[in-house]
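# A closer look at the structure
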Amino acid sequence: SKRYSADKRIYLGALKYVPHAVFKLLENMPMPWENVKTVPVLYHVTGAISFVNEVPKVIEPIYLAQWGSCWVMMRREKRDR
């Protein structure tokens, strides 16, 4: 039962980092115009928690243009149904 209590302590300690892990996951989610997005992942040695280890770099005018184009395509697809 010593092993169980050590594991429990590790997982309970990792809980405080779960919001940050979820934030990094959502921050690095692929955009609609990206087919695949490969990102580096940081794993804890115990396997208790994992983080996406990348900060997305955004060029504002290109980002806005891509979202505008995507929005027009989605609106067109909805209209043609």
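Here's what I pulled together on the structure shown here. (Residues numbered from 1 in each chain as written. Predicted model: local features only at pLDDT ≥ 70, side-chain atom pairs only at ≥ 80, totals over all residues. Heavy atoms only, no water.)

A grouping of L12, L15, V18, V22, L26 and M29 is seen on the molecular surface, where their side chains present a nonpolar patch of about 540 Å² in accessible area. Considering every element that reaches the nonpolar patch, the biggest residue donor is helix 2 (residues 18-27), with 3 residues. Inspection of the secondary structure puts L12 in helix 1 (residues 2-14). (Patch = residues over 30% accessible without salt bridge, like charges linked within 9 Å, V, L, I, M, F, W, Y side chains within 5 Å. Areas by Shrake-Rupley, 256 points an atom, 1.4 Å probe, with all protein chains shown as cover. Salt bridge = Lys/Arg side-chain N within 4 Å of Asp/Glu carboxyl O. Helix = DSSP H or I, 4+ residues; strand = E, 2+ residues; numbered from the N terminus.)

Further remarks concern the pattern of salt bridges. All chains considered together, the criterion is met by 3 salt bridges. A salt bridge links K24 to E27; the nearest nitrogen and oxygen atoms lie 3.1 Å apart. Placement of the pair is K24 and E27 together in helix 2, with a separation of 3 residues, close to one helical turn. Overall, the relative accessible area of 10% leaves K24 in the buried class. When its relative accessible area of 27% is taken as the criterion, E27 is described as partly exposed. Ionic pairing is found between E77 and R81, a salt bridge with its closest N-O pair at 3.3 Å. On the accessibility criterion, E77 (48% relative accessible area) is partly exposed. What makes R81 exposed here is its relative accessible area of 77%. (Buried < 20%, exposed > 50% of the residue type's maximum accessible area, 1.4 Å probe, protein only.)

Note that N28 resides in the loop between helix 2 and strand 1 (41-43). In this structure N28 comes out as buried when scored by relative accessible area, which is 5%. Residues contacting N28, with those up to four places away along its chain left out, are K37, V39, V52, E54 and P56. (Contact = heavy atoms within 4.5 Å.)

Looking at the secondary structure, you find I59 in the loop between strand 2 (50-52) and helix 3 (60-79). Given a relative accessible area of 57%, I59 falls into the exposed group. On a C-alpha basis, the gap between I59 and V72 in space is 20 Å, while along the polypeptide they are 13 residues apart.

Okay, the packing of aromatic side chains next. All told, the structure shown has 2 aromatic pairs when counted by the stated rule. Both rings, one in W33 and one in Y63, keep their centres 6.1 Å apart while their planes meet at 75 degrees; by these two values the pair is edge-to-face. Taken together, the residues span a long stretch of sequence, with W33 in the loop between helix 2 and strand 1 and Y63 in helix 3 at a distance of 30 residues. Look at W33 and you get partly exposed, because its relative accessible area is 28%. We classify Y63 as partly exposed; its relative accessible area is 27%. (Phe/Tyr/Trp six-rings, centres within 6.5 Å; stacked < 30°, edge-to-face > 60°.)

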